[in-house]
Structures are given as C-alpha cells and as structure tokens.
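# Residue-level structural notes
Listed below are the residues making up each chain.
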Amino acid sequence: MNKRRLGSGGPEVSALGLGCMGMSEFYGPTDEAESIKVIHRALDLGMNFLDTADMYGRGHNEELVGRAIADRRDRAVLATKFGIVRGDNPAARSVDGSPEYVRKACDASLRRLGVDHIDLYYLHRRDPGVPIEETVGAMAELVAAGKVGHLGLSEVSAETLRRAQAVHPIAALQSEYSLFARDIEGEILPAARELGIALVAYSPISRGLLGGVLPPAEEMPADDFRKYFPRFAGENAAGNEALVAEVRKIAEDAGCTPAQLALAWVLSRGEDVIPIPGTKRLRYLEENAAAAGVELTAAQLDALETAVPSGAVRGDRYPDMSSIES
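Presented here is an overview of the structure given in this document. Since we're looking at a predicted model, the values are computed, not measured.

### Quick notes on the packing of aromatic side chains
Summed over all chains, the structure comprises two aromatic pairs. When the ring of Phe-82 is compared with that of Tyr-121, the centres are 4.9 Å apart and the planes differ by 20°; the resulting orientation is stacked. Here Phe-82 is found in strand S5 (residues 77-82), whereas its partner Tyr-121 is found in strand S8 (residues 118-123), with 39 residues between them in sequence. With a relative accessible area of 0%, Tyr-121 lands in the buried category. Plain terms: the ring middles of Tyr-177 and Trp-265 are 5.5 Å apart, the flat faces sit at 50° to each other, and that makes the pair tilted. One end of the pair, Tyr-177, is in the loop between strand S10 (170-176) and helix H6 (188-195); the other, Trp-265, is in helix H8 (residues 258-267), with 88 residues separating them in the sequence. For the pair Tyr-177 and Trp-265, one class covers both residues: buried.

### Re the layout of surface pockets
For the second largest pocket, the calculated volume is near 280 Å³. As for the second largest pocket, its lining consists of 15 residues, of which Arg-4, Leu-267, Glu-271, Ala-292 and Glu-295 are closest to the centre. Those elements that provide at least two residues to the lining of the second largest pocket are strand S1 (3-5) and H8. Among the residues forming the lining of the second largest pocket, the class breakdown is eight nonpolar, three polar and four charged.

### Remarks on unusual backbone geometry
For Ser-203, which is not glycine, the phi torsion reads 50° and is therefore positive. Counting through the fold element by element, Ser-203 comes out in the loop between strand S11 (198-202) and helix H7 (234-254). Residue classification places Ser-203 among the buried positions, given a relative accessible area of 14%. For Ser-206, which is not a glycine, the phi torsion comes out positive at approximately 55°. Secondary-structure assignment places Ser-206 in the loop between S11 and H7. Judged by relative accessible area, Ser-206 falls into the buried class, the value being 3%.

### Remarks on the sheet that holds S8
Strand-to-strand pairing in sheets goes through backbone hydrogen bonds, with the strands running parallel or antiparallel. Overall, parallel pairing links the eight strands, which are arranged S3-S4-S5-S8-S9-S10-S11-S12 in an open sheet. Each end of this open sheet is capped by a strand with a single partner; those strands are strand S3 (18-19) and strand S12 (273-275). As paired elements, S11 and S12 share three bridges and run parallel to each other. Within S12, the position partnered with Val-200 by the bridge is Ile-274.

### Some points on the packing of helix H3 (residues 99-113) against helix H4 (residues 132-144)
Packed helices, taken two at a time, are described by the angle their axes make and the gap between the axes. Across the interface, H3 lies against H4 with an axial gap of 8 Å and an inter-helix angle of 35°. The crossing of H3 and H4 is right-handed. Along the contact surface, H3 presents Pro-99, Val-102, Arg-103 and Cys-106, while H4 presents Glu-134, Thr-135, Ala-138, Met-139, Glu-141 and Leu-142. Considering only residue class, the contact of H3 with H4 consists of six nonpolar, one polar and three charged.

Rules used in this analysis
- Residues numbered from 1 in each chain as written.
- Predicted model: local features only at pLDDT ≥ 70, side-chain atom pairs only at ≥ 80, totals over all residues.
- Heavy atoms only, no water.
- Phe/Tyr/Trp six-rings, centres within 6.5 Å; stacked < 30°, edge-to-face > 60°.
- Helix = DSSP H or I, 4+ residues; strand = E, 2+ residues; numbered from the N terminus.
- Buried < 20%, exposed > 50% of the residue type's maximum accessible area, 1.4 Å probe, protein only.
- 1 Å grid on protein atoms, 1.4 Å probe; cavity = no way out; pocket = protein on both sides within 12 Å on 5 of 7 lines; lining within 4 Å.
- Points joined across faces, edges and corners; volume = space filled by probe spheres on them.
- Nonpolar A, V, L, I, M, F, W, Y, C, P; charged D, E, K, R; others polar.
- Pairing = 2+ DSSP bridges.
- Axes fitted to C-alpha atoms, helices over the stretch in contact; angles between N-to-C directions.
- Left-handed = near helix turned anticlockwise from the far one by under 90°.
- Contact = heavy atoms within 4.5 Å.

Right, dumping it as structure tokens:
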C-alpha cells in the first residue's frame, strides 16, 4: 500500500484508510468479531489509517477499535473525533467546541481507546457558539501535553480552515468527497491546498451508492440510516441508478468494480487526498484495498467527467435535520 502524508508536517499514512463507523451503528446489523477481523486484515494489507469518533455508537466504536489494536498499536495511525454530543435520545444531536469540552472529550476517548495518545484528533463539527480560535487553542494544548499528535477539522469552510491554521498547524480536513459529492472543489479544497492541509475523504463510495449493489431505500432495514437519505429514495434513487449504470460501464472497461473505480477516482485527485472507505465486511475490505492498484487512464477519467459531471447526483447528502438540535 502506497503512503500519503497528512499535511505538510503530519505523519505518513496509507493511501487508503479504513472508516470504522459502520462497525457500531448506522448501517444495519453489526458483528464485533468480524469487525475486529476487518481491522486486523486492514493492518496486514498496509491500511494503517483507522478512523473513528466518540459519537459512533456513543463510545462503542472507540472501544471496539481500541480492543482491535491493543496488541498492535504501533502499526496503526489512529484518528478520532469529538464535538458532536449525543444523549439518551439516539436521534438527538448537539455540538460542543468549548475548551472545557475539548479536554473532557479527549480524556474520555483516550480511556475508551485504551491508548496514551491519539495520532490525529479532529473537531467533528464546528460549534457556531464558540470561536474556532478558542476550540483549536484548546486542542493545541492537547498536543503540547502529548495526548494528541496532530489536529484536524471536519466539514468546515475555507474561512474556518484559515482561522484555525493561524492558531495551530492543521494536518487534515475531513469532508465528504466522491464522484457524487464535489462541492468542496470550489473553495474548500483549494484553501486546504494553499495551507498545506491534506483532505481525508469520507464516504468516497457515496455510502455504497456508487458500488451499485444497494437495495431500494424501502427495502433497507430500519436501522440503516441510508433508508432516510434523499439520494436513496424515490425518483432520486432512479436518477442516481442511471448515473451508477454509466459508472458500471466505465468500470468494466477499466477491469474493476464500480466501487474500486469510485475509489480510484478519488485517489486520482491528488497525492494530498486520502479516502477512508468504511466497511464492516472482509470481502468489501479486500475489494476496497485492491482499488489502490487501479490506474485510470486519461480517457477513463474524461469518460467519468462526462458520465457524472459535478452536480449531476440527485438529492441532498443528508436528510432535513431542522428538527434535530444543532
């Protein structure tokens, strides 16, 4: 597995990382034993960049990842996130970027992960009630204390990136990025590059949509959150399936699966882009890892631009969350 660097001064990580969120919730039934096998196999394949967050499974995912790497901590570059707060109501969300919460959340993550330091610590979502300078300033104190190696931000604007970078070096920006999610190409990705910040691309297969094997939303189990996402329902789903059909044709030409093509496209966007496809199944991990060896030709890249131009996907990335605390 080739390596890419997290920012101008960050660590080297595998060109493809592993998103661990679905091992705890959001994507239907889970299997801890297989999830741990997936993490172990990822490390054996050289996929050493593991991504979790304190809100995934309300702490369960960090505990799971911690158990999986307990005897191989030195082989993993461990990233986790804080800032999205969940209570007893599983649907409720709030955000907290206060300095007090930064310190509290980090200590809690260290305990759950069973480690003495976190390699990359992200602010999961910006708290609009707290200046980003205060949040990042508190995060910088964690670096000085040796609890955190490098800092990251998730889903923030170009302006926020610049303000944060002025306080402390930011190694990575985590944002959704795929053939079906290219909004960041306008201002955010150029700003990250200007500042020497790597892009960690989550949902690079568009939550499985680009894999071309998902059932209709109405057939998904109630505990699969994609069931409620606009892109997977009704007329949007039909329109997006037509786009996926075009992706499938190009994948056949490239000699790979649609999911591998989607990952190869993200990898082709630059050496500073690190996709972190999530999976809880060994067979999908193996498929994803093989995407690192897919080299797309200029003609195939042009064909993708024609088949799936920016903005062609139907439906929003997320459902309406106006009834959820923000």
